[in-house]
Amino acid sequence: MTEPHTSAKKDTRGTQRGTASVKRLNTPKLATAYQKEWFLSLREKVEAGEPLAFVNADVPQEIFRAMDIPYVVNQWWSSVCSAKQMSPYYLDLLNEHGYRQDLCRYCSLSLASAFDTEPEKGPWGGLPKPTVAVTRLTCDSQSKIFELWSKKFGVNFYALENTVPREIPNNWWELAPDKWEQLFEPHRLDHMLEDFKGLIRFLEINTGKVFSETKFKKVLQLVNEQAEYNRKTRDLISKTKPSPVSITDTVPAVMVPQWQRGTQWAVDIAKHLYEEVKGLIEAGEAVCKNERVRLMWLGRGLWFNLGFYQHFEKKYDASFMWSIYLALASDAYARYGEDPLRTLASRFVGMEDMLHMPPWNSDWYVKEAKNNNIQGAVHIISDSCTMSAGGTYFVKKAFEEANIPLLQLHADPVDSRGWDNDVMTAKIEDFIENEIGVKPC
Amino acid sequence: MEKESRSSLSKLIEAYDKRDLAAIQWSENQGQTVGFLGSEVPEELLIAAGFLPIKVAGTEKTDTRIGSVYLESGFDPMIHAQFTRLVEGSYSYLDHLIVSNSSDALIRSYYYLRALHHVEREVLFPKPFFHDFLHTKFHSSALYNRDRTKDLINQIEVWTGEPLREERIVEAIKTCNETRTLLKKMDSFRRCEQPRISGVHALKIIGASMFMEKVEFNNLLKQYLDKVSEMPVIKGVRLFVTGSSHEHTQFYEAIEREQAVIVGEDHENGSRYYEGLVDQEVDPIDGIVDRYHYRFNPSSQATVSERVASLSENVVAAKAQGVISFIYRSDDAPSWDFPEQKKILDKLGIPVLLLDKQDYKVADEKGLRKKLNQFIDEIKRNSSKNINIEGERND
């Protein structure tokens, strides 16, 4: 049996390693156990000749589900590599091939892993060879990364376009599920529909698989059911003080099934999460029974260091109880409409606006902060990613106007090489003590 | 005669150096000015409407810290400079502002400019209009681009209060094509065996066409080109510049002080600006859309292999002896291109110097000079058997 790669080399160089979180809930344990099993069975299928798609997070995975094409999501694989503490090893490989260290790492970690001459030593035996790659041109690096990656494996890649809105809607989260024709300009939906048809034809040709309209409708229905459970869970947590769970519980419990959406398993696990959170509330369980601070984590999760958040629970009775992952799963995914493919287009056409573009994102953050009785927000900004900052100035201004303290930190969510745990901890401690006004327990 | 040619050159250089002057004068004469950010905004339509289109640009004097209050550190410094000039009020004379999607940072800047109108009490630039122009060569993109160009025409008609007449568009196409043809002719005096136009002058001439009225520009450039063959040959190592774009000449000046001449570049303030003509034999909107759609893409909108192919083709055509890849900090797109570009240049036997993570202004002139000196000296040493750097081939 081959020895897996470790980041021991990084430790000798003094790079700070992250820590895994202590899981309080059963749902994330079920989810993470499932994802490993799923991945191993996917490997077997691919080795037996099934196609495999490698896709970016903002690609309509529902299409692949309806075609029975197994897929791996770029950012999911990044998070797995990062959580396994392998990002320094892979990213060093990328740098050794001439790519500078401060290029986007969140979306290129998978490309970096493709430079490994012993790919089988990657997480769970490494990523199997794909059949196709699909991305969406939401930043300048996407076509570069996906073309380099697809050439590495000698496969074709498809790039979906990204269009830009001219209108600024009010309260997009109220319009998104049912009134999306009002929310998004028709020409954007029209174009995305055409792009999706092109993608389906590309997949039919390159994988030999068939797009089942019947299955597609079922997939859309399952995604909506999953989103409804997520919404119920988010609403339960938001109105419960002290918070029954923190983001170390909800992030894996939401994101593992997010990449499995459109399956009955994903609906069941979303339901399981809801029931488990409800049970905790009924039993009077909480992250901090004497909760003194409710915090938001704005931006991507620290995948290599999910245990980081739990320090503040112990020291301040402060719970990081909100992240984009559950909130977005609650507000941005459910869609109801007559035309299935156009309905799917409405899920994706504005995703980038909702997450990263002011005032779409800043208005939504503040709405969520108020609904969750948030006392402070920590905003992580990755300098290597144009997307992730999401209007730093406007987010700050929106929180100032809402009288909610905000701390903006610069760090990379997957590259632990530049992470200084002591410095980051000190910054958040200073924020809690001096901006929010809560001293250690 | 040489004096006359220099005089037209001086006027072009003045238009470049005083880049707001023509627009301010135009405004004072009751004309409407339209600022544009991005290389997909069809100037033809603006000219046809009677506007003066002006490229929004920073200068080497721009204090980018002002824009940095609003923008992300992950955006390249040229965007910071352009944004700075807008928010500080340098373009308060503009009547309208159009942004297109040349890069991700530019698209995001559009959202930010628009958001400033939404959240600030006072802003010193017009509300931006977005010209959404897709770059994949798919048929769906071509149709989308046609519809968005029609949207732009509708917006222009709102601004002028009258229909945009086709004959005016045809006339404007002719003018802009003449500009491109003249600039292409100028380019031939750089790429030829005995270059007579420096990279610095070329950059200023190309830039001047974006800061002044096109007919006047064409007349000045014609006068200059009529006499340029009588100008002295510029001696030095022939270099090609790739990577990030340049909207001031500091870096070009630094290179050409070192016994080198820039014979070509592939950024959008250089030769990409005049690449390709609008077909005058087809429907004007089709012609305009195709010209902006099918040019080689800037790095920010191209795949790595597209950039490798276009670089090797351009470098060979320019007979460059070396390539300098100058890349601003946070300008990720050309950094993704570079490792594969280097491989092809190595195969062609063309040396390449990477100047990565550069600031908007040359920060360390001494250090830059040293690197350029070493690179140019190495080319001279390696090519001394075949090529005399005085510009004459020995073989």
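Keep in mind the model is a prediction, meaning the values are calculated, not measured.

Cut-offs used in this document
- Residues numbered from 1 in each chain as written.
- Chains lettered and ligands numbered in written order.
- Predicted model: local features only at pLDDT ≥ 70, side-chain atom pairs only at ≥ 80, totals over all residues.
- Heavy atoms only, no water.
- Helix = DSSP H or I, 4+ residues; strand = E, 2+ residues; numbered from the N terminus.
- Rg over C-alpha atoms; globule rule 2.2 N^0.38 Å.
- Contact = heavy atoms within 4.5 Å.
- Lys, Arg positive; Asp, Glu negative; His and termini not counted.
- Charge placed at Lys NZ, Arg CZ, Asp CG, Glu CD.
- Axes fitted to C-alpha atoms, helices over the stretch in contact; angles between N-to-C directions.
- Parallel < 35°, antiparallel > 145°, perpendicular 65-115°, else oblique.
- Left-handed = near helix turned anticlockwise from the far one by under 90°.
- Nonpolar A, V, L, I, M, F, W, Y, C, P; charged D, E, K, R; others polar.
- Pairing = 2+ DSSP bridges.
- Phe/Tyr/Trp six-rings, centres within 6.5 Å; stacked < 30°, edge-to-face > 60°.
- Lys NZ or Arg CZ within 6 Å of the ring centre and 35° of its normal.
- Buried area = accessible area lost by both parts, 1.4 Å probe.
- Salt bridge = Lys/Arg side-chain N within 4 Å of Asp/Glu carboxyl O.
- Polar contact = N/O pair within 3.5 Å; in protein donor to acceptor, adjacent residues only side chain to side chain.
- Buried < 20%, exposed > 50% of the residue type's maximum accessible area, 1.4 Å probe, protein only.
- Core = buried A, V, L, I, M, F, W, Y, C linked by side-chain atoms within 4.5 Å.
- Domains from an automatic or database assignment.
- pLDDT = per-residue confidence, 0-100.
- Expected span 1.5 Å × (residues − 1).

Draft legend 1. Seen up close, the overall build of chain B. A tally of helices and strands in chain B yields 15 helices and 8 strands. Taking 21 Å as the expected radius of gyration for a compact globule of 395 residues, we find that chain B reaches 21 Å, a close match to that expectation. For chain B, the spread of C-alpha atoms along the three principal axes comes to 65 × 45 × 40 Å. By sequence separation, contacts in chain B at least 24 residues apart represent 76% of the contacts at least 6 residues apart. Side-chain charges in chain B split into 52 positive and 62 negative, and the spacing between the mean points of these groups amounts to 4 Å.

Draft legend 2. The arrangement of the packing of helix α5 (residues 77-87) of chain B against helix α6 (residues 104-119) of chain B in detail. Residues and elements named next belong to chain B. Look at α5 against α6: their axes get within 11 Å of each other, and the N-to-C directions meet at 20 degrees. In terms of orientation, α5 lies roughly parallel with respect to α6. In the packing of α5 onto α6, the handedness of the crossing is right-handed. Packed against α5, whose contacting residues are Ile79, Phe83, Leu86 and Val87, the element α6 presents Ala105, Leu106, Ser109, Tyr112, Leu113 and Leu116 at the interface. The residue inventory of the contact of α5 with α6, partitioned by class, reads 9 nonpolar, 1 polar and no charged.

Draft legend 3. Local environment of the sheet that holds strand β2 (residues 71-73) of chain A. Residue and element names in this part refer to chain A. Read across the open sheet, the 4 strands follow the order β2-β1-β3-β4; overall the sheet is parallel. Two strands close off the open sheet at either side, each with one partner strand: β2 and β4 (156-160). Geometrically, the sheet is characterised by an average inter-axis angle of 20 degrees between neighbouring strands, direction not taken into account. The strands that helix α7 (residues 140-153) touches are β1 (53-55), β3 (132-136) and β4; relative to β3, the one it contacts most, it runs at about 175 degrees. Most of the contacts of helix α10 (residues 186-207) go to β4, to which it runs at about 170 degrees, and overall it touches β3 and β4.

Draft legend 4. Seen up close, the sheet that holds strand β3 (residues 96-100) of chain B. Residue and element names in this part refer to chain B. Across the sheet, which stays open at both edges, the 4 strands sit in the order β2-β1-β3-β4 with parallel pairing between neighbours. Bordering the open sheet on either side are β2 (52-55) and β4 (128-131), each of which pairs with just one other strand. The average angle at which neighbouring strand axes cross in this sheet is 30 degrees, direction not considered. In this fold helix α2 (residues 21-28) packs onto β1 (33-37) and β2, with an angle of close to 150 degrees to the strand it touches most, β2. Across the sheet, α6 touches β1, β3 and β4, and the angle it forms with β4 is around 150 degrees.

Draft legend 5. Quick peek at the packing of aromatic side chains. For the coordinates displayed, the defined rule picks out 47 aromatic pairs over all chains. Chaining the aromatic ring pairs together yields one cluster made of Trp297, Phe304, Phe308, Tyr309, Phe312, Phe320 and Trp419 of chain A. Over the ring of Tyr16 of chain B we find Arg19 of chain B, and its NZ or CZ is 4.5 Å from the ring centre. One residue, Arg291 of chain B, lies across the ring of Tyr292 of chain B, its end atom 4.8 Å from the ring centre.

Draft legend 6. Geometry of the interface of chain B and chain A. Across the contact, 49 residues belong to chain B and 55 residues belong to chain A. A combined buried area of about 4300 Å² lies between chain B and chain A, and 57% of that area is made up of carbon and sulfur atoms. When residues of chain B are sorted by the area they lose upon contact with chain A, Arg108, Tyr111 and Trp336 of chain B head the list and together hold 20% of the total. Between the two partners, chain B and chain A, sit 7 salt bridges. With its nearest N and O atoms 3.7 Å apart, the salt bridge here joins Lys357 of chain B to Asp102 of chain A. At the junction of chain B with chain A, the criterion picks out 25 residue pairs in polar contact (both at pLDDT 80 or more). Of all elements in the fold, only α6, β4, α7 (139-160), α13 (304-317), α14 (332-348) and β8 (352-358) of chain B reach the threshold of two or more residues within the side of chain B that touches chain A. Sort the elements by how many residues they give to the side of chain B that touches chain A and α6 of chain B lands first, with 11 residues. Its residues assigned to classes, the side of chain B that touches chain A comprises 20 nonpolar, 14 polar and 15 charged.

Draft legend 7. Summary view of the environment of Pro60 of chain A. All names here are of chain A. Its location among the elements puts Pro60 in the loop between β1 and α3 (61-66). On the basis of relative accessibility, which here comes to 1%, the residue Pro60 falls in the buried class. For Pro60, the residues in contact, after removing those within four places along its chain, are Leu160, Phe196, Leu199, Leu344 and Phe348.

Draft legend 8. Structural view of helix α16 (residues 340-348) of chain A. All names here are of chain A. Burial of α16 is extensive: 9 of the 9 residues sit out of reach of the surface. Tucked into the core, α16 has its buried residues touching α3, β3, α9 (180-183), α10, α11 (213-239) and α17 (351-356). Where α16 starts, the residue carrying a side-chain oxygen 3.2 Å from the main-chain nitrogen of Leu341 turns out to be Asp339.

Draft legend 9. Spotlight on the packing of α7 of chain A against α14 of chain B. Two numbers describe how α7 of chain A lies on α14 of chain B: the axes approach to 8 Å, and their chain directions differ by 25 degrees. One finds that α7 of chain A runs roughly parallel with respect to α14 of chain B. Here α7 of chain A and α14 of chain B pass one another in a crossing that is left-handed. Of the residues in α14 of chain B, those touching α7 of chain A at Asp140, Ser141, Lys144, Ile145 and Leu148 of chain A are Asp332, Ala333, Trp336, Asp337 and Glu340 of chain B. Tallied by class, the residues present in the contact of α7 of chain A with α14 of chain B amount to 4 nonpolar, 1 polar and 5 charged.

Draft legend 10. Spatial organisation of the nonpolar core. Formed by 145 residues in total, the largest nonpolar core has its most connected members in Ile63 and Phe64 of chain A. Ranked by residue count, the leading element in this core is α10 of chain A, at 8 residues. Contacts of Ile63 of chain A, omitting those with residues within four sequence positions, involve Phe196, Leu199, Ile200, Leu203, Phe211, Leu341 and Leu344 of chain A. In terms of nonpolar packing, the next biggest core, distinct from the first, is built from 83 residues, Tyr393 of chain A together with Tyr91, Ala202 and Phe251 of chain B among them.

Draft legend 11. Structural context of the environment of Arg294 of chain A. Residue and element names in this part refer to chain A. Positionally, Arg294 belongs in strand β5 (residues 293-298). The class of Arg294 is buried, set by a relative accessible area of 1%. The spatial distance from the C-alpha of Arg294 to the C-alpha of Asn372 is 8.1 Å, given a sequence separation of 78 residues. Polar contacts involving the side chain of Arg294 include one to the side chain of Glu291, which spans 3.0 Å.

Draft legend 12. Structural context of the domain arrangement of chain B. All names here are of chain B. By domain assignment, chain B separates into domain 1 (19-164) and domain 2 (167-383). Distance between the C-alpha centres of domain 1 and domain 2: 23 Å. Tallying the contact residues gives 51 residues for domain 1 and 42 residues for domain 2. For the pairing of domain 1 and domain 2, the buried interface totals around 3800 Å² over both sides, and the portion due to carbon and sulfur atoms is 60%. Counting across the interface, domain 1 meets domain 2 through 4 salt bridges.

Draft legend 13. The arrangement of the confidence of the model for chain A in detail. For chain A, mean pLDDT is 92; residues scoring 70 or higher make up 95% of the total. Confidence drops under pLDDT 50 across residues 1-16 of chain A; counting only partners more than four residues distant or on other chains, this segment forms 25 contacts.

Draft legend 14. View of helix α10 (residues 214-228) of chain B. Residues and elements named next belong to chain B. Its 15 residues place the ends of α10 20 Å apart at the C-alpha level, agreeing with the 21 Å of an ideal helix rising 1.5 Å per residue. Restricting attention to buried positions, one finds in α10 the residues Lys214, Phe217, Asn218, Leu220, Leu221, Tyr224, Leu225, Lys227 and Val228. The N-capping residue of α10, defined by a side-chain oxygen 3.4 Å from the backbone nitrogen of Val215, is Glu213.

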